[in-house]
Amino acid sequence: MKLIRQKGLEYAYFALLAYFMILMIILQFNFLTLSALDVLYILTALTICTVFICMVIAAKKY
């Protein structure tokens, strides 16, 4: 159980880093204009979904 949790959070960590980088690029070059609240909503939703999906993937793999 500890291995599944560790691997799941490790996968989620790298996925979230990718999300942050993509979102920063989008906002930096003004491809999309978002308010701060919209950015927080997007990041919260992506974080919740990513963590749970990574846990499921890790549980099936290990």
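Structure: see above.
Residues numbered from 1 in each chain as written. Predicted model: local features only at pLDDT ≥ 70, side-chain atom pairs only at ≥ 80, totals over all residues. Heavy atoms only, no water.

### Observations regarding the overall build of the chain
Stated formally: The way it works is that DSSP assigns letters per residue, a run of H or I at least four long becomes a helix, a run of E at least two long becomes a strand, and they are numbered from the N terminus. To sort residues, take the accessible area from a 1.4 Å probe on protein chains only and compare it with the maximum for the residue type: under 20% means buried, over 50% means exposed, and anything in between is partly exposed. The contact definition used throughout considers only heavy atoms, calling two residues in contact when any of these lie within 4.5 Å. A 1.4 Å probe and the Shrake-Rupley method give the accessible areas. Residues count as covered only by the protein chains that appear here.
Each helix and strand in the chain was counted, giving two helices and zero strands. Looking at the chain as a whole, 15% of its 62 residues are labelled buried. Partitioning the contacts of the chain with sequence separation of at least 6, the portion at a separation of at least 24 is 74%. Accessible surface, the chain: about 5,000 Å² in total, of which carbon and sulfur atoms supply 75%.

### Examining unusual backbone geometry
A positive phi angle, close to 55 degrees, is found at N30, a residue other than glycine. The residue N30 is located in the loop between α1 (2-28) and α2 (36-61) in this model.

### With respect to α1
Under the convention used in this document: Expected helix span is given by 1.5 Å per residue-to-residue step, counting one fewer step than there are residues.
Taking 1.5 Å as the rise per residue, α1 with 27 residues should run 39 Å; its terminal C-alpha atoms sit 38 Å apart, in good agreement. Those residues of α1 lying buried are G8, A12, L16 and L23. Residues of α1 that are buried in the fold lie against α2.

### Notes on a nonpolar patch on the surface
Formally: Note that patches include only residues with greater than 30% relative accessible area and no salt bridge, and the join distances are 9 Å for like charges and 5 Å for nonpolar side chains (Val, Leu, Ile, Met, Phe, Trp, Tyr). Note on definitions: salt bridges are taken to be side-chain nitrogens of Lys or Arg within 4 Å of carboxyl oxygens of Asp or Glu.
Taken together, the side chains of Y13, F14, L17, F20, M21 and M24 make up a nonpolar region of the molecular surface, amounting to roughly 630 Å² of accessible area. Along the polypeptide, F20 turns up in helix α1.

### So, the environment of V39
Relative to the helices and strands, V39 resides in helix α2. Exposure remark for V39: the relative accessible area of 14% places this residue in the buried category. For the pair formed by V39 and M21, sequence separation is 18 residues and the distance between their alpha carbons is 13 Å. Residues within four places of V39 in sequence aside, it is in contact with L23, L27 and L34.

### Examining the packing of α1 against α2
The test is simple: Every angle, taken between N-to-C directions, lies between 0 and 180 degrees, and every axis is a line fitted to C-alpha atoms, over only the stretch in contact when it is a helix. Roughly parallel means an angle under 35 degrees; roughly antiparallel, over 145; roughly perpendicular, 65 to 115; everything else is oblique. Helix crossings get a hand from a simple test, with the near helix turned counterclockwise from the far one by less than a right angle marking a left-handed crossing and a clockwise turn marking a right-handed one.
Look at α1 against α2: their axes get within 8 Å of each other, and the N-to-C directions meet at 150 degrees. For the element pair α1 / α2, the angle class is roughly antiparallel. As for the relative orientation of α1 and α2, their crossing is right-handed in sense.

Function cannot be inferred from these measures alone, as they are strictly geometric.
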